[in-house]
Amino acid sequence: MPNFNPAKNAIHRGDCVELLTGWPEAFARLVFADPPFNIGYRYSGYDDARAYTDYVDWSRRWMAAATRALAPDGSFYIAIGDDYAAELRVIGRELGLTLRNWIIWHYQFGQNMRDKFVRSHTHILYFVKNAKNFVFNAGQSRFPSARHTEYGDRRAKPEGRLPDDVWNEFPRVCGTFKERQGWHGCQMPEALLSRIIRVSTNPGDVVLDPFAGSGTTPATAIKLGRVGIATEQSEEYADAAIKRLDSAIREAKAWKKPDATGWSEFDRESLRNLYREAETPIDALASNPAALACVEASLAARIGRPVHADSIVQKLRELDAANQLPRFKNDRPFRAKVHRKQDFARDRKLVRAWHLGLPAKLKKLNELGRQTG
Ligand SMILES: C[S@@+](CC[C@H](N)C(=O)[O-])C[C@H]1O[C@@H](n2cnc3c(N)ncnc32)[C@H](O)[C@@H]1O
């Protein structure tokens, strides 16, 4: 099998259908695909204004090739615009995939319009190959809910809640953003990919993207300790994305290395994501033990080690002072209702018990990963 080595993090130049059908089956634990939406966008080497049936037939072909590459317990996410979301959902059913969520990614910085409402969402269809057997690392995406942060509600789960299926934490990558590559107009945010990869794969798993574009999927996969493989029809994009991957490979090593304070860049990035998701100002968080305990639990699950609440608040303040915290949409003052003292004590106890069980849980997860990997 020429030009294919799943152990390497790579962008393969060429047509995804041709390449994927020449490769072995079932090697990817996750496929993330962000195909052209057939809306007349200008790509190098690809016509994004095809006849309806031509585009739908082609979609069927590439989705079949991607499904073939998917492991029996694999997950398949497809980002798609309004015009073809329904068609791709139906093709998924024809291919025997099970839809688990129809996610709406609601982004900020949609392109301005003159005579209609600004388009500010993309559909993300989340399929699995086997409805009963798939990876879903819930702990990787829990965060404090409004029950913790707003209402001081005793029913708040100490370990936090899972995100809704409408995702509005991730702005589109616009011109001023640090991660923007600048040579590809459809770059996805790494934070969004990070959520999908962390939830639907384990370290070491293969993540496949048939439409590499700027290389966001494999670059994020590599940084998270997964193997990133992608295909891209444009030589120009592929060459530039390969450079992005090279720096991701270099960064991945430094990324997990703790500094003198014990925090690695990966830990800081995990905290930044959590902070964005919790949508709660630092002072409000610091004065809300239930919410803070939940942040402690969520962060521990994401980075694989417990960090005390005081260190978390201190780190948030440091990041804020260095202008390294994301701004969030609902940046509103904290309005806690009465949360009784015994409730705080109960939450702390539960979180502590959960923490004590963490090493065993992580071990189990690793074992599961090895068995299914
Ligand atoms: C929407 S962009 C993907 C952007 C990517 N998610 C990112 O974050 O940069 C779609 C990409 O698919 C590529 N493409 C189109 N047809 C293809 C095919 N048949 N095989 C491989 N790549 C293809 C285009 O060149 C384009 O770069």
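Rules of the game
- Position labels on residues start from 1 in each chain and follow its written sequence.
- Selection of residues for local features in this predicted model requires a pLDDT of at least 70, selection of side-chain atom pairs for listing and counting requires 80 or more, and totals for whole chains, interfaces and linings are taken over all residues.
- Each helix is a run of DSSP H or I of at least 4 residues and each strand a run of E of at least 2, with the numbering of both proceeding from the N terminus.
- Here the C-beta atoms are placed from the backbone, and a residue counts as buried if at least 20 other C-beta atoms lie within 10 Å of its own, exposed if 12 or fewer do, and partly exposed otherwise.
- Two residues form a contact once the distance between their C-beta atoms, set from the backbone, is within 7 Å.
- By definition, a residue lies near a molecule or strand when the C-beta atom built from its backbone is within 6 Å of it.
- By the convention adopted, Pro, Cys, Tyr, Trp, Phe, Met, Ile, Leu, Val and Ala count as nonpolar, Lys, Arg, Asp and Glu as charged, and the other residues, Gly among them, as polar.
- Inter-axis angles, ranging from 0 to 180 degrees, are taken between N-to-C directions of lines fitted to C-alpha atoms, where helices are fitted over the stretch in contact.
- Roughly parallel means an angle under 35 degrees; roughly antiparallel means over 145; roughly perpendicular covers 65 to 115; every other angle is labelled oblique.
- The nonpolar core criterion groups buried Ala, Val, Leu, Ile, Met, Phe, Trp, Tyr and Cys residues into a set whenever they are joined through C-beta atoms within 7 Å.
- Following DSSP output, two strands are said to pair if at least two bridges run between them.
- Here the arc refers to the set of directions running from the helix axis out to each C-beta atom.
- Under the convention used throughout, the expected extent of a helix is 1.5 Å for every residue step, that is, one less than its residue count.

Turning our attention to the overall build of the protein. Of regular secondary structure, the protein possesses 13 helices and 10 strands. In the protein, which comprises 373 residues, the proportion classed as buried is 39%. Pairs at least 24 residues apart make up 71% of the contacts formed inside the protein by residues separated by at least 6 positions.

With that out of the way, let us pick up the site of the ligand. Contacts to the ligand come from 21 residues, most closely from Asp34, Phe211, Gly213, Ser214 and Thr216. A class-by-class count of the residues in the shell around the ligand yields 10 nonpolar, eight polar and three charged.

As a further point, take the packing of helix α8 (residues 265-278) against helix α11 (residues 309-321). With their axes 11 Å apart at the nearest point, α8 and α11 run at an angle of 90° to one another. In terms of axis orientation, α8 runs roughly perpendicular to α11. Across the interface between the two elements, Arg268, Leu271, Arg272 and Tyr275 of α8 pack against Ile312, Lys315, Leu316 and Leu319 of α11. Within the contact of α8 with α11, the residues separate by chemical class into five nonpolar, no polar and three charged.

Here we come to the nonpolar core. Counting residues in each nonpolar core, the largest one holds 62 residues, and the members touching the most others are Ala28, Val31, Ala66, Ile78 and Val207. If one sorts the elements of this core by residue count, strand β5 (residues 70-80) sits on top with seven residues. Once residues lying within four places of it in the same chain are set aside, the contact partners of Val31 are Ala66, Ala69, Leu70, Gly74, Phe76 and Leu208. Membership of the second largest hydrophobic core comes to 19 residues, among which are Leu271, Leu274, Leu285 and Leu299.

With respect to topology, eight strands assemble into an open sheet ordered β1-β10-β9-β2-β5-β7-β6-β8, the strand pairing being mixed. In the strand order of this sheet, the two ends are held by β1 (10-13) and β8 (166-167), each with one partner. Pairing between strand β6 (residues 98-106) and strand β7 (residues 121-128): eight bridges, direction antiparallel. Each residue of the ladder has a partner; that of His106, found in β7, is His121. Each of β2 (28-33), β5 and β9 (206-209) touches helix α2 (residues 52-69); the most contacted strand, β5, lies at about 145° to it. Against the sheet, helix α3 (residues 82-94) contacts β5, β6 and β7, and its axis sits at roughly 5° relative to β7.

Along an α-helix, residues three or four apart share an orientation, since each turn contains 3.6 residues. Looking at α3, one finds that the buried residues are Tyr84, Leu88 and Ile91. An end-on view of α3 places all buried positions within 55° of arc, on one side of the element. Residues of α3 that are exposed and point over 90 degrees away from its buried face: Asp82, Ala86, Val90 and Arg93. Turning to α3, the residues buried within the fold contact α2, β5 and β7. At the C-terminal side of α3, Gly96 shows a positive phi close to 85°.

Attention now goes to the pairing of β5. For β5, a buried count of nine out of 11 residues is recorded, marking the element as mostly surrounded by other parts of the structure. Here five bridges tie β2 to β5, and the two strands are oriented parallel to one another. Following the sheet pairing, Ala28 is matched in β5 by Leu70. For β5 and β7, the ladder comprises six bridges, and the chain directions are antiparallel. Bridge pairing in β7 links Ser75 to Val128.

To continue, consider the environment of Val207. Tracing the chain through its elements places Val207 in strand β9. As a C-alpha pair, Val207 and Ala221 span 14 residues in sequence and 6.7 Å in three-dimensional space. The contact partners of Val207, leaving out residues within four places of it in the chain, are Ala28, Leu30, Phe32, Ile197, Thr201, Thr217, Pro218, Ala221, Arg226, Val227 and Gly228.

If you check α11, its first and last C-alpha atoms are 18 Å apart, about what 13 residues at 1.5 Å a residue would give, namely 18 Å. Elements that come into contact with the buried residues of α11 comprise α8, α9 (282-286) and α10 (289-303).

Take the environment of Ala64 next. By the secondary structure assignment, Ala64 is in helix α2. Between the alpha carbons of Ala64 and Ile91 there is a distance of 8.9 Å; along the sequence they are 27 residues apart.

On to unusual backbone geometry, then. Phi is positive for Glu279, close to 50°, though the residue is something other than glycine. The phi dihedral of Asn323 is positive, around 60°, even though this residue is not glycine. As for its position among the elements, Asn323 is in the loop between α11 and α12 (341-356). By the C-beta count within 10 Å, which is 7 here, Asn323 ends up exposed.

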